[in-house]
Amino acid sequence: TAHCQTVEGAHHAIDAGIQMLEHVPMIGGTPDEIEEVVQRIVETGTWVEFNNGAVLGRPPEVLEKTMSPASFQKALAAINSIDLALQTFAQYPDLKFVFGSDAVAPWGAASLAADKGSWPAEFDAALKHFDNFAVLKAITSNGGKVAAMTGPNNPYPEGPIGVIEEGAYALG
């Protein structure tokens, strides 16, 4: 997994063979640069975890109070780039994406995990461009596939996840 918050960072991660890119809708760049990154993500089968809720789920005035001035400016730039990136991602039906959280934030992981605004904001942003089925799949079966990629760290090693079958774990 790599945290990719710039176009250049996403290209470096793909070149290095990273299997999962986080925060990619916040990469900024021009529409052509975003398009090029998304094409490479799809061509290489790289997974994307949007993880935008931390900034989308909080009003700018809250972000400004809880972040340094430099971090706040970065957050505003990220917020402004998310819609264009999601619009571009949605044009690729073979995109492999999930929703999740790294739950580490300067204002405290516990408050982020308990925040009721982060997830709805994340889903609302995605639903502007993806259909309900794509978002549901990202939350459930794709999440199971990604969890299974963690090898010995897989929290559900006794059975399959993200599928509907006897003995499988349920996600959601």
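Shown above is the structure to which this text applies.
Structure report, in brief. (Residues numbered from 1 in each chain as written. Predicted model: local features only at pLDDT ≥ 70, side-chain atom pairs only at ≥ 80, totals over all residues. Heavy atoms only, no water.)

## Let's talk about the environment of M20
Here comes step 1: Mapped onto the elements of the fold, M20 is located in strand β2 (residues 20-22).
Here comes step 2: Looking at M20, the relative accessible area reads 6%, which means it is buried.
Here comes step 3: Setting aside anything within four residues of it in sequence, one finds M20 in contact with T1, A2, T46, W47, V48, E49, V98 and V146. (Helix = DSSP H or I, 4+ residues; strand = E, 2+ residues; numbered from the N terminus. Buried < 20%, exposed > 50% of the residue type's maximum accessible area, 1.4 Å probe, protein only. Contact = heavy atoms within 4.5 Å.)

## So, unusual backbone geometry
Here comes step 1: A positive phi angle, close to 65 degrees, is found at H23, a residue other than glycine.
Here comes step 2: Along the chain, H23 falls in the loop between β2 and α2 (31-44).

## Details of the sheet that holds strand β1 (residues 2-3)
The strands making up a sheet associate through backbone hydrogen bonding, with each pair oriented either parallel or antiparallel.
Here comes step 1: Within the open sheet, the 4 strands sit side by side as β1-β2-β3-β4. Their pairing is parallel. What marks the edges here is a single partner per strand, and that holds for β1 and β4 (96-98).
Here comes step 2: Bridge count for β2 against strand β3 (residues 47-49) is 3 bridges, and the pairing is parallel. Paired with E22 across the strands is E49, a residue of β3. (Pairing = 2+ DSSP bridges.)

## Describing the pattern of salt bridges
Here comes step 1: A complete count under the given rule lists 1 salt bridge for this structure.
Here comes step 2: Linking R40 and D15 is a salt bridge whose minimum nitrogen-to-oxygen distance equals 2.5 Å. Of this pair, R40 sits in helix α2 while D15 sits in helix α1 (residues 7-15), and the two are 25 residues apart along the sequence.
Here comes step 3: Since its relative accessible area comes to 22%, R40 is described here as partly exposed. (Salt bridge = Lys/Arg side-chain N within 4 Å of Asp/Glu carboxyl O.)

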